[in-house]
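Residue-level structure breakdown
Each chain, letter by letter, is given below.
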Amino acid sequence: MLSLDLPVIAAPMAGGPGTPALVRAAARAGGLGFLAAGYKTPQAVADEIAAMAGDSVPFGVNLFVPNPVPVDLAAFRRYADLIAGEAERYGIALDADSPTEDDDHWHDKLDVLRAHPVPVVSFTFGIPSRDDLAVLRATGALLVQTVTTVAEAEAAADAGVDALAVQAAAAGGHSGTFTPTRPIADTPINDLVAAVRRAVDLPLIAVGGLATADDVAAALRAGAQAVAVGTVLLRSDEAGSSAIHKAALADPARTGTELTHAFTGRPARALRNEFTDRYSALAPYGYPALHHLTSGMRRAAAAAGDPERVHLWAGTGFRHATAEPAAAIMNRLAGRL
């Protein structure tokens, strides 16, 4: 499918951890890396693609497909009032009256990819329209859809994508689920890959909780052609993860992860902290409204070195994240070290 020498992919990680340097390192190790277009301006995406263009290495770009979860205004206001004190400690006043709803510059980013073709484009949160898929297919890109269930895989196959990234609930960061307000089944990745393999005839990339060479080998035996990893790369030399995020991943006091929509209004797996403990059960669903509501607080907390009011995205294999070159991590996952 991708003609990879190493069946390990550096997953797209929006918000800072995913960098051109990490993408480069993944490709030079014989795998593949993805630039994360989510939350960036179209110009920033174009600049990152341009930065990669001179390297003559394969890479992909990941897009957030518009699949909004409109927030209930009364619930939004209650939540903003509830967490106002968390933001106020950093001088941040939350806007409880005007929830921000946007599409992450979807059409402008399609224009960027049409003007600056890349080898692979992947999608998260939903399936693009057939017209939008046709626009990207005309650039020559391989199209990869993130799915979390057999039903989503069948829908993606019907839409005409080229491959599937099959994501289990153990994955760190946002779930790619098409239905974020419904419970996410805790299906082990190998069982999910095997079930999707039986349902559709497309190449599969396994995603979620893969942190050791044994994990990778088992996913390949289950029917995946490659695996994508993110959490185990968060402490790598090339990752752009914040200092507090890297420290939290290595902190023995951090004993577990949970799926929470308290930060963004969509389910995402993170290390537990004070914010998730207090607000996960109280937050409404609403994406991207909650993402925009809490983003200023999270930036300020990160700048202040406060890990308790920051989204510490992490999958269940976070204990295996190590501080070393990404190539060493990827080769070890492939059983080559």
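Now for a look at the structure at hand. (Residues numbered from 1 in each chain as written. Predicted model: local features only at pLDDT ≥ 70, side-chain atom pairs only at ≥ 80, totals over all residues. Heavy atoms only, no water.)

1. Here we look at unusual backbone geometry
Residue P288 follows Y287 across a cis peptide bond; omega there is 10 degrees. Residue S56 is not a glycine yet carries a positive backbone phi of 55 degrees. Looking at where S56 falls in the secondary structure, it is placed in the loop between α2 (42–53) and β3 (60–64). The backbone of H105 sits at a positive phi, close to 55 degrees, despite the residue not being glycine. Note that H105 resides in the loop between α3 (73–88) and α4 (106–115). (Helix = DSSP H or I, 4+ residues; strand = E, 2+ residues; numbered from the N terminus.)

2. Considerations on the pairing of strand β11 (residues 268–271)
Bridging between strand β7 (residues 173–174) and β11 involves 2 bridges; their strand directions are antiparallel. Across the sheet, residue G173 finds its bridge partner in β11, namely R269. Pairing of strand β10 (residues 257–260) with β11, which is carried by 4 bridges, proceeds in the antiparallel orientation. The partner of L259 across the bridge, within β11, is R269. (Pairing = 2+ DSSP bridges.)

3. Focus on the side chain of R24
Along the chain, the position of R24 falls in helix α1 (residues 20–28). At 2.4 Å, the side chain of R24 and the side chain of D55 are in polar contact. Once residues within four sequence positions are removed from consideration, R24 is found in contact with A51, M52 and D55. (Polar contact = N/O pair within 3.5 Å; in protein donor to acceptor, adjacent residues only side chain to side chain. Contact = heavy atoms within 4.5 Å.)

4. Quick look at the sheet that holds β11
The strands making up a sheet associate through hydrogen bonds between their backbones, and the pairing can be parallel or antiparallel. Strand order across the open sheet formed by 3 strands is β7-β11-β10, with antiparallel pairing between neighbours. Only two strands of the sheet have a single partner each, and these edge strands are β7 and β10.

5. Comments concerning the sheet that holds strand β9 (residues 226–229)
What the 8 strands build is a closed barrel, ordered β1-β2-β3-β4-β5-β6-β8-β9; its pairing is parallel. Neighbour-to-neighbour, the strand axes of the sheet open up by a mean angle of 25 degrees, direction not taken into account. Summarising the sheet, strand β6 (residues 163–167) and strand β8 (residues 204–207) pair through 4 bridges and their orientation is parallel. Along β8, the bridge assignment pairs A165 with I205. Here helix α6 (residues 150–159) sits on the sheet and contacts β5 (142–147) and β6; the angle it forms with β5, its principal contact strand, is near 160 degrees. (Axes fitted to C-alpha atoms, helices over the stretch in contact; angles between N-to-C directions.)

6. Side note on the nonpolar core
Ranked by internal contacts, the top residues of the largest apolar core, which has 73 residues, are I49, V61, L63, V121, F123, L164 and L233. When residues in this core are grouped by element, the largest group, 5 residues, is from α1. Contact partners of V121, with chain neighbours within four places excluded, come to V61, L63, L113, L136, A141, L142, L143 and V144. Core analysis: the second largest hydrophobic core is formed by 19 residues, I83, A96, A270 and A283 among them. (Core = buried A, V, L, I, M, F, W, Y, C linked by side-chain atoms within 4.5 Å. Buried < 20%, exposed > 50% of the residue type's maximum accessible area, 1.4 Å probe, protein only.)

7. A closer look at a negative patch on the surface
A cluster of acidic residues, E101, D102, D103 and D108, forms a negative patch on the protein surface. Positionally, D102 belongs in the loop between α3 and α4. (Patch = residues over 30% accessible without salt bridge, like charges linked within 9 Å, V, L, I, M, F, W, Y side chains within 5 Å. Areas by Shrake-Rupley, 256 points an atom, 1.4 Å probe, with all protein chains shown as cover. Salt bridge = Lys/Arg side-chain N within 4 Å of Asp/Glu carboxyl O. Lys, Arg positive; Asp, Glu negative; His and termini not counted. Charge placed at Lys NZ, Arg CZ, Asp CG, Glu CD.)

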